[in-house]
Each structure stands twice: as C-alpha cells, then as structure tokens.
Amino acid sequence: MSTQVPKGEEVESTTDEAASSPGKQRRDTAKADRAGQQEKQREAEERAKANEDTVQIKVFRYDPEVEAKQEPRFDEFHVPFEKGMTVLDSLMYARDHYDPSLTFRHSCRQAICGSDAFFINGSQRLGCKTQLSDLDEPVRIEPLPHQDVVKDLVVDMDHFYEQMHAVEPYFDPDELPDGELEEQRQSRANREKIKMSTRCIWCGACMSSCNIAAGDNQYLGPAAINKAYRFAMDEREGEARKQERLEIIEQEHGVWRCQTQFSCTEVCPKDIPLTEHIQELKREAVKSNLKFW
Amino acid sequence: MSQSYNRGLIEDFGRWREFSAGMWAWVFHKFTGWVLVGYLFTHIAVLSTALAGEAAYTGTIQTLEGLLVVRILEVGLLAVAVFHILNGLRLLMVDLGIGLESQDKSFYASLILTGAITVASVPTFLAGAF
C-alpha cells in the first residue's frame, strides 16, 4: 500500500554501525527499505491473489459535480486482505489501486484526529479503529447518517461544529491567579472526574447515532453536552461561570432532550460515558434550580 | 461545495436488527407507555358504567370477563404494566447515575422478570376461561 507507514525502524536498528556517515546510512537504509517494501507489497498481492484472500467492501458513492454520479449508488471493491487491516486501510487500497476519485476524510490513522468516522455495517465507527476481521462481509461503508453528504463518504460537519461551539468550549475561570505566570492547578480528584470527557476527538459518531438529534436539529447532541460537562465540572472555573454553563445546557434543546437510549455511548470510539455525563448534568441543572426556601 | 445530498432518516425502524439494548428498552418503554395510556381510557369507560347503577356495572364486568379475548388481553396488560414498572425502575437508576455501565443487563433482567411474572399470572387470569 503506497500510503502505508514505512516499516523502517527494525532495519535501521540492525544496520552496521560502521557505515560511512549517518545521513548516507539513513538514505541507504531508506532506499533498501523502499525496495524491500515494494517487493513485499508485490509478494503480498500475489499471495492474496493466489489465496483469493480478499475482502469485499461496498462503498457509498455520490458526486454532485459529475452528472452520472449524482444518483447515490454503492460500488463494490475486492481488497486483498492483510492481517491487521482496518476499514480505512481497505478504503485507501481501493482508492490507490482501483478508483482515485473515491473520497473520504482521514488523517492520523490512529483514532486521534477524528476524521474518519463512517457508518460501517450499520454502526458508527472510526475506519482506522475497526478491524476488517471483526466485520461480516461484504463490509458496507456509508457516510455518517443524519448529515448531508458532500461527496462519497464526506459529510458536512458544519452543524456538528456549530453545536460544539454553542457550549462555549474553552476554559474561562471567574478569577485569575495573582501572579501572571502562576499555574491554575487542578486537584487530582477533579482531573479524574473530567478525564473521560476530555478524550473527545470531535468525530461526530455520537451525534450521528442519536435519533433525538436526528429529529431535533437544535438539540446540542452528546458531543457538545460532553464538552459542556468537561468545563462545568472543572472546579477551577468558579460558581458564577458554572451557573452560566448550566443555563446554556438546560435550555429546551439541551440536556433534557436526551432520552437515555445509550446509542452515543455504544458508538463512541473513545469509550466516553456520554449518557452518564448527560445524566449528571441533568442532576446538576435540577440541583441549581431547586430551592426549598 | 455546489450541492449536498440529504440521505434523510437512515436509522429508521427498518434497522431494528441492529438496535442495541438501550434502544430496545426505549422502544418498549414508549410502546408500553402508550398502551397503558390507551388502557386508562377504557378503564375509565368501564368504571363509569357504575354511574348507571350497580347492576349495570356488574353486568359490564361479567360480560367482559366472559370473553376469552378480554382474558388474554388482561395477560398482555399485565406484561405491559410489569415491563413499564421494571424499566421505569431501571430508568430511575439511570437518572440517579447508578450502574450506567450495566444498563443493558438491567434491561435484560427486566425483560426476563416480565416474562416470568406474565407466565406465572396465566393460571389466574385464564382460570375457567376455556
């Protein structure tokens, strides 16, 4: 695969120390490695052909700029299977070898950038985090539901980002420390409390899986509420700011729209307990409004 | 971007095979809730026959209980009510933030309990109906 990460480290460490210059040594290694890689790739392809060890993927296609492709359809690709191959790997293989017009977002390939959330075999997953061997064939890859499709697997994320920004997702304490360079330390217990909520990678899988968000376009959605949780629960911000934050999330299309279907929690690739956070914010909102005097 | 394509509602009920426990719990809770609302109206209608005197009420009840369909529907009503109660308790726990990581297990537990209670009630409800 041309876009595969070069497997250079092992070769590099075993190269003879006595080679002329470090730079030349690295170049030589890289060259040898590239050749070796091509050789390996050809071998892998031949082996796959011989074994018929291929995976069938069905990919959603749509291109508004080409007349013949304006009607959405599914394209089938047969990708040679390699051990450890992810859905994203298979898409990249299909793009590099069969159809260069196949469009999808991806960047880091290690479940951190949040670009490659797709609807894979009926569930929102990250392409780079989903092993092909875990899926039933043919693997059906569609763009995230409930978002407009721009092209192929690329969806319009604007609405999702708008909801994320609506909860004012930035640290904004009531009081700043006296010294200009003084740190604003957080207690370990408090850090532990918000730990999971900080792991959001903005992939949009939860929002896409939530059928409340599908029916109510103004609903903040699990990711945005989780973001609000991350800051509302941060003790360093102070009571006044927390109150403001709660006023945002307890509005009509805020936390109270959640009906605890747990869809978001099921699909979250970072295992954030989204429903738990939403429920906790509901309780916080009630607590701040209930007065018994 | 010249245009985009709205795929509409993809995750509709046609995907029921892929629903997870939490989704099924939600679907059943909604369904049983509506059934109970519907039952409330028939319940009031039957009770209000007592306004026309004792004999009318007794007559209505005896006629209804004489129908096999009503006996079977009563079993169904019990199942619906028991599930709604048990899942309601589950939702109470969810709202209190207790045991959210085992919410699927508590759903299965409420299903199994509902089934057991319903089966156990059959002799009582259908006694003398056949």
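Only a predicted model underlies this, so the values are computations on that prediction, with no experimental measurement involved.

A.B. asks: Go over the packing of helix 1 (residues 21-47) of chain B against helix 4 (residues 103-126) of chain B, please, and point to the residues and values.
C.D. replies: Residue and element names in this part refer to chain B. Two elements in contact, helix 1 and helix 4, have axes separated by 9 Å at closest approach and are oriented at 45°. Between helix 1 and helix 4, the angle falls in the class oblique. At the point where helix 1 passes helix 4, the crossing takes the left-handed sense. Each of Ala 21, Gly 22, Trp 24 and Ala 25 in helix 1 lies in contact with helix 4, whose residues at this interface are Gln 103, Asp 104, Phe 107 and Tyr 108. When the residues that make up the contact of helix 1 with helix 4 are grouped by side-chain class, the tally is 5 nonpolar, 2 polar and 1 charged.

A.B. asks: How would you summarise the environment of Thr 114 of chain B if you had to cite specific residues and measurements?
C.D. replies: Residues and elements named next belong to chain B. Relative to the helices and strands, Thr 114 is located in helix 4. Classification of Thr 114 by C-beta neighbours within 10 Å gives buried; the count is 22. Put simply, Thr 114 and Val 82 are 32 residues apart on the chain and 5.8 Å apart in space, counted from C-alpha to C-alpha. Sequence-distant contacts of Thr 114, defined by excluding residues within four places in its chain, comprise Ala 79, Val 82, Phe 83 and Leu 86.

A.B. asks: Please set out the interface of chain B and chain A residue by residue, giving values where relevant.
C.D. replies: Each partner contributes to the interface: chain B provides 22 residues, whereas chain A provides 25 residues. Among the elements of the structure, helix 1 and helix 3 (68-96) of chain B are those that each provide at least two residues to the side of chain B that touches chain A.

A.B. asks: Describe the domain arrangement of chain A, and please don't skip the residues or the numbers.
C.D. replies: Residue and element names in this part refer to chain A. Each assigned domain of chain A is listed here: domain 1 (21-37 + 50-154) and domain 2 (158-289). Computed from C-alpha atoms alone, the centre-to-centre distance between domain 1 and domain 2 is 32 Å. Each side of the interface is counted separately: domain 1 has 14 residues, and domain 2 has 11 residues. Take the side of domain 1 that touches domain 2: its biggest share by element is 4 residues, from strand 4 (residues 123-126). The residue inventory of the side of domain 1 that touches domain 2, partitioned by class, reads 7 nonpolar, 5 polar and 2 charged.

A.B. asks: Break down helix 11 (residues 274-289) of chain A for me, with residues and values.
C.D. replies: The terminal C-alpha atoms of helix 11 of chain A, which comprises 16 residues, lie 23 Å apart, in line with the 22 Å expected from a rise of 1.5 Å per residue. Of the residues making up helix 11 of chain A, those classed as buried are Leu 274, Thr 275, Glu 276, His 277, Ile 278, Gln 279, Leu 281, Lys 282 and Ala 285 of chain A. At its buried positions, helix 11 of chain A is contacted by helix 6 (205-209), helix 8 (222-232), helix 9 (239-249) and helix 10 (263-267) of chain A together with helix 3 of chain B.

A.B. asks: Which residues make up the nonpolar core, and what values go with them?
C.D. replies: Residues and elements named next belong to chain A. Within the largest apolar cluster, 62 residues are counted, with the highest numbers of intra-cluster contacts made by Ile 57, Ile 141, Cys 206, Ile 225, Ala 228, Ile 249 and Leu 281. Ranked by the residues each element gives to this core, the list is headed by helix 8, at 7 residues. Here this core gathers at least three residues from each of two domains, domain 1 (21-37 + 50-154) and domain 2 (158-289). Residues in contact with Leu 281, not counting those within four places in the same chain, are Ile 225, Ala 228, Tyr 229, Ala 232, Ile 249 and Val 255.

The rules we used
- Residues numbered from 1 in each chain as written.
- Chains lettered and ligands numbered in written order.
- Predicted model: local features only at pLDDT ≥ 70, side-chain atom pairs only at ≥ 80, totals over all residues.
- Axes fitted to C-alpha atoms, helices over the stretch in contact; angles between N-to-C directions.
- Helix = DSSP H or I, 4+ residues; strand = E, 2+ residues; numbered from the N terminus.
- Parallel < 35°, antiparallel > 145°, perpendicular 65-115°, else oblique.
- Left-handed = near helix turned anticlockwise from the far one by under 90°.
- Contact = placed C-beta atoms within 7 Å.
- Nonpolar A, V, L, I, M, F, W, Y, C, P; charged D, E, K, R; others polar.
- Buried ≥ 20, exposed ≤ 12 C-beta atoms within 10 Å, placed from the backbone.
- Domains from an automatic or database assignment.
- Expected span 1.5 Å × (residues − 1).
- Core = buried A, V, L, I, M, F, W, Y, C linked by C-beta atoms within 7 Å.

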